[in-house]
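Coordinate inspection notes
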Amino acid sequence: MTVRTRYAPSPTGVPHVGNIRTALFDYLLARHFGGQFIVRIEDTDRQRYVPESVAGIAESLRWLGLEWDEGLDKGGPYGPYVQSERLTAYRAAADRLLAQGDAYACWCSAQRLEEVRAEQARRKQPPRYDRRCRDAAGSAAARREAEAEGHSPVVRFKTPLEGTVSLDDAIHGPLTFDLSTIDDFVLLKSDGFPVYALAYIVDDEAMRITHVLRGDEWIPSAPRHVLVYRALGVEIPVIAHLPRILGPDGAKLSKRHGATSVFEYREQGYLPDALFNFLGLIGWSLDDKTDIISREQFIERFTLDRVVKSPAVFNVDKLTWMNGVYIREMPEARLVETFTEWLDRGLPSSVARPLDRALVGRIAPLVRERVKLLSEVTGYCDFFFMDAVSPSADDLLGNAFASKPADAKAALERATDALEAVGAWTHDEIEVALRALGAQSGMKAGDLFSLVRVAVTGRRVTPPLFESMEIVGRERCIGRLRAAAALL
Ligand code: GLU
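Overview of the structure.

The rules behind the values
- Residues numbered from 1 in each chain as written.
- Predicted model: local features only at pLDDT ≥ 70, side-chain atom pairs only at ≥ 80, totals over all residues.
- Heavy atoms only, no water.
- Buried < 20%, exposed > 50% of the residue type's maximum accessible area, 1.4 Å probe, protein only.
- Helix = DSSP H or I, 4+ residues; strand = E, 2+ residues; numbered from the N terminus.
- Pairing = 2+ DSSP bridges.
- Axes fitted to C-alpha atoms, helices over the stretch in contact; angles between N-to-C directions.
- Parallel < 35°, antiparallel > 145°, perpendicular 65-115°, else oblique.
- Left-handed = near helix turned anticlockwise from the far one by under 90°.
- Contact = heavy atoms within 4.5 Å.
- Nonpolar A, V, L, I, M, F, W, Y, C, P; charged D, E, K, R; others polar.
- Salt bridge = Lys/Arg side-chain N within 4 Å of Asp/Glu carboxyl O.

The subject of this paragraph is the pairing of strand β9 (residues 238-242). Counting buried residues along β9, four of its five residues qualify, which places the element largely inside the surrounding structure. Looking at chain direction, strand β8 (residues 211-215) and β9 are connected through five bridges and run parallel. The residue bridging G215 from the neighbouring strand is L242, located in β9.

Printed below as a string of structure tokens:
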């Protein structure tokens with residue numbers, strides 16, 4: 001058997017990290033077994049449909065490196081892979097169920113359904129369709145009303161009034177549901193659009209899907225799905241309900257907890273490799289202790305056996321830590337390319353383009369240890385690229401010189417002299433000269449270095465000072481020290 005999985009997002013907005021975790025697990029399972037990963041667009045909810053989001057789905061998958069085999073721009077043998085283009089297939093399935101007596105047309109108006117619900121609420125009963133159209137007399141009466149009012153019927157499933165159905169979930173094990181609690185649910189709406197329960201089953205069969213992975217919020221709907229599978233005579237694929245994703249406070253992950261859109265993570269400077277690794281561990285583990293796992297290892301090791309049932313926490317601090325690890329471990333050439341891209345976006349337009357890659361190559365090793373998010377790179381490195389920096393007097397003085405600006409000014413002047421006298425402009429020589437100055441003048445080395453740091457870089461937190469000064473160059477360093485002294 002070839003494993004075929006599908007990611008079936010509804011194009012209703014920006015791609016959510018929780019959905020992408022499902023896509024990732026689909027992808028991993030398919031790749032692990034050498035099967036296919038399919039993307040299907042479930043756009044039957046026309047009210048929530050956002051056309052641009054289809055492109056966003058493709059972009060987010062591509063950015064994360066979840067290449068698909070069928071669907072979206074790729075097409076494939078079992079398409080179309082868009083539900084709104086498959087309405088005839090759903091209609092045909094609904095007609096079969098009608099002909100078999102497993103479904104019936106319901107002519108009740110929205111207003112009547114509302115009244116039934118209100119009455120049930122008054123009696124503190126659970127809301128459900130009262131099955132008026134399930135029998136011939138009720139249906140005939142409702143139909144007359146509907147024809148007078150001009151509205152079309154829906155198709156409802158004729159749910160058995162009692163008994164149970166079971167589903168053997170790949171993660172949760174056997175789940176049994178009591179049918180007496182299940183409504184005569186709608187299969188096809190009056191506009192001809194199917195509901196999820198009909199559409200996904202028809203599509204999964206047509207697309208030869210072998211494994212259905214989806215969030216565990218779908219468990220309560222599972223009995224309806226089992227009924228539809230059975231009535232259509234479709235073999236039930238492997239179904240795995242994935243653990244839901246919670247924020248650190250234990251509530252369902254939402255905007256309240258921070259970014260939920262995959263694109264926001266991209267904007268903040270997370271690497272796709274880090275997000276891939278991080279999402280892969282939300283609900284799955286290799287061995288309960290390994291955190292950094294390569295794509296190849298994930299593919300080699302991923303099976304449903306190690307997916308847990310219990311909700312999993314989305315800990316963004318862990319993601320940020322992981323991102324730092326991935327930045328530190330990036331091959332040099334890719335690091336330089338990535339830093340160049342971010343600097344290109346972040347540096348002011350006064351810095352000449354294209355940026356000097358050789359310069360980025362010298363800077364990258366100094367910075368990679370400190371950067372956790374790529375969006376921080378410009379803030380650490382801008383001073384290498386600018387002609388001048390503009391430190392504030394407060395930053396220059398810091399705590400050490402807070403009430404002694406004249407001392408700071410004198411120190412900057414002496415540092416200027418000391419650095420002008422340095423022979424070869426290397427970080428070692430720069431360090432020797434500044435340490436000697438510190439010792440001679442009785443200043444604490446740390447205080448002197450902070451002063452020089454702010455003067456040369458405009459910032460208090462920077463890559464290693466002497467190495468940075470070597471790269472900035474003698475002339476610019478001295479110019480900046482003079483400019484800083486003039487400020488005080
Ligand atoms: N369209 C459904 C959703 O976005 C898909 C659920 C599934 O994967 O079957 O929630």
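Okay, back to it.
It is the contact of helix α17 (residues 427-441) with helix α19 (residues 465-472), at a shortest axis distance of 8 Å, that shows an interaxial angle of 120 degrees. Comparing their axes, α19 and α17 come out oblique. Handedness of the crossing formed by α17 with α19: right-handed. Together, H427, I430, E431 and L434 of α17 and F466, E467, M469 and E470 of α19 make up the contact between the two elements. Class assignment of the residues belonging to the contact of α17 with α19 gives a composition of four nonpolar, one polar and three charged.

What follows covers helix α9 (residues 272-280). Residues separated by three or four positions in an α-helix point in the same direction, a consequence of the helix having 3.6 residues per turn. Most of α9 is tucked away, with eight of its nine residues classed as buried. Regarding α9, the residues found buried are P272, A274, L275, F276, N277, F278, L279 and G280. If you follow the buried residues of α9, they end up packed against α1 (17-32), α2 (53-64), α8 (262-268), α10 (295-301) and α11 (316-329).

This part is about the pattern of salt bridges. One side chain can pair with another of opposite charge once the charged atoms of both are near each other. Going through the model one piece at a time under the given rule, you end up with 36 salt bridges. In this structure, the salt-bridge partner of D43 is R46, at a minimum N-O distance of 3.3 Å. A residue is classified by how much of its surface remains accessible, and R46, at 36% relative accessible area, is partly exposed. The salt bridge partner of R132 is E145, with a shortest N-O separation of 2.9 Å. One end of the pair, R132, is in the loop between α4 (110-122) and α5 (136-149); the other, E145, is in helix α5, with 13 residues separating them in the sequence. Each of R6, R40, E42, R86, D203 and D204 takes part in one network of salt bridges that share partners.

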